[in-house]
Each structure stands twice: as C-alpha cells, then as structure tokens.
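Structure at a glance
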Amino acid sequence: MPNASYGYRAARAAGAAVIRIRCLADRRGLLQRCNDVCTEITDLQARYAAWLESLPDNQQDSATAEALRVIADLDLAELLVIEPPRGFGR
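The rules behind these values
- Residues numbered from 1 in each chain as written.
- Predicted model: local features only at pLDDT ≥ 70, side-chain atom pairs only at ≥ 80, totals over all residues.
- Heavy atoms only, no water.
- Phe/Tyr/Trp six-rings, centres within 6.5 Å; stacked < 30°, edge-to-face > 60°.
- Helix = DSSP H or I, 4+ residues; strand = E, 2+ residues; numbered from the N terminus.
- Buried < 20%, exposed > 50% of the residue type's maximum accessible area, 1.4 Å probe, protein only.
- Axes fitted to C-alpha atoms, helices over the stretch in contact; angles between N-to-C directions.
- Parallel < 35°, antiparallel > 145°, perpendicular 65-115°, else oblique.
- Left-handed = near helix turned anticlockwise from the far one by under 90°.
- Contact = heavy atoms within 4.5 Å.
- Expected span 1.5 Å × (residues − 1).

Side note on the packing of aromatic side chains
What the rule picks out here adds up to 1 aromatic pair. Ring plane angle 35° and centroid distance 6.2 Å describe the contact between Tyr48 and Trp51, whose orientation is recorded as tilted. Of this pair, Tyr48 and Trp51 both sit in helix H2 (residues 30-54), 3 residues apart, roughly one helical turn. With relative accessibility at 30%, the residue Tyr48 sits in the partly exposed group.

A word on the packing of H2 against helix H3 (residues 63-73)
Viewed as axis vectors pointing N to C, H2 and H3 meet at an angle of 140°, and their least axial separation amounts to 9 Å. By the criterion of interaxial angle, the relationship of H2 to H3 is oblique. Note that H2 runs across H3; the crossing there is left-handed. Residues Gln45, Tyr48, Ala49, Trp51 and Leu52 of H2 lie in contact with H3, whose contacting residues are Thr64, Ala65, Leu68, Arg69, Ile71, Ala72 and Asp73.

Looking at H2
Here H2 contains 25 residues, and its C-alpha end-to-end distance of 36 Å stays within 8% of the 36 Å for a straight helix at 1.5 Å per residue. Within the sequence span of H2, burial applies to Cys38, Gln45 and Leu52.

This is the structure:
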C-alpha cells in the first residue's frame, strides 16, 4: 500500500496500486441550488424549533436555548419569496 505522501508517478514507479478518488461535480443549476438551500434552511429552522421545545425547563435559560430561540425566531419569509432573475447562474 502506498504511503500517502507518494505522488502518482512515484507510486506507479514503485509498483504500488494507485487509487484515485474524484468528487462528483454538482450538476444542478444555480437556481436549483438556491431553491435547495432555501428548503434546507427552513427544514433546519423547524428542527431547531423542535429542539428548543423539547429542552427541559431547567435549560430554558441556557445559552443553547437562547441560540435556538434566535434561530427559531428568524423570519425567512423574505428569503423564500426571492426569485432570481432569468439567466441567473449563466
């Protein structure tokens, strides 16, 4: 097994198996990515609100509860109604 510091050519010259890992490119357009982010952020906000509601009474005044309260109180309505212009992402 090749050492992680080996370069591709050095590993090939040493006869070691070379494993190359490529990250897949994100093929979504910017508009779709923007819509996906908006969906994800509203889902996260709902999860944080549920977490806040499930905190015990003795933790309602903690820093965690305050941070969750700030996240839950964010108004994301303006973010959700934004529609990027046609041709966005080209």
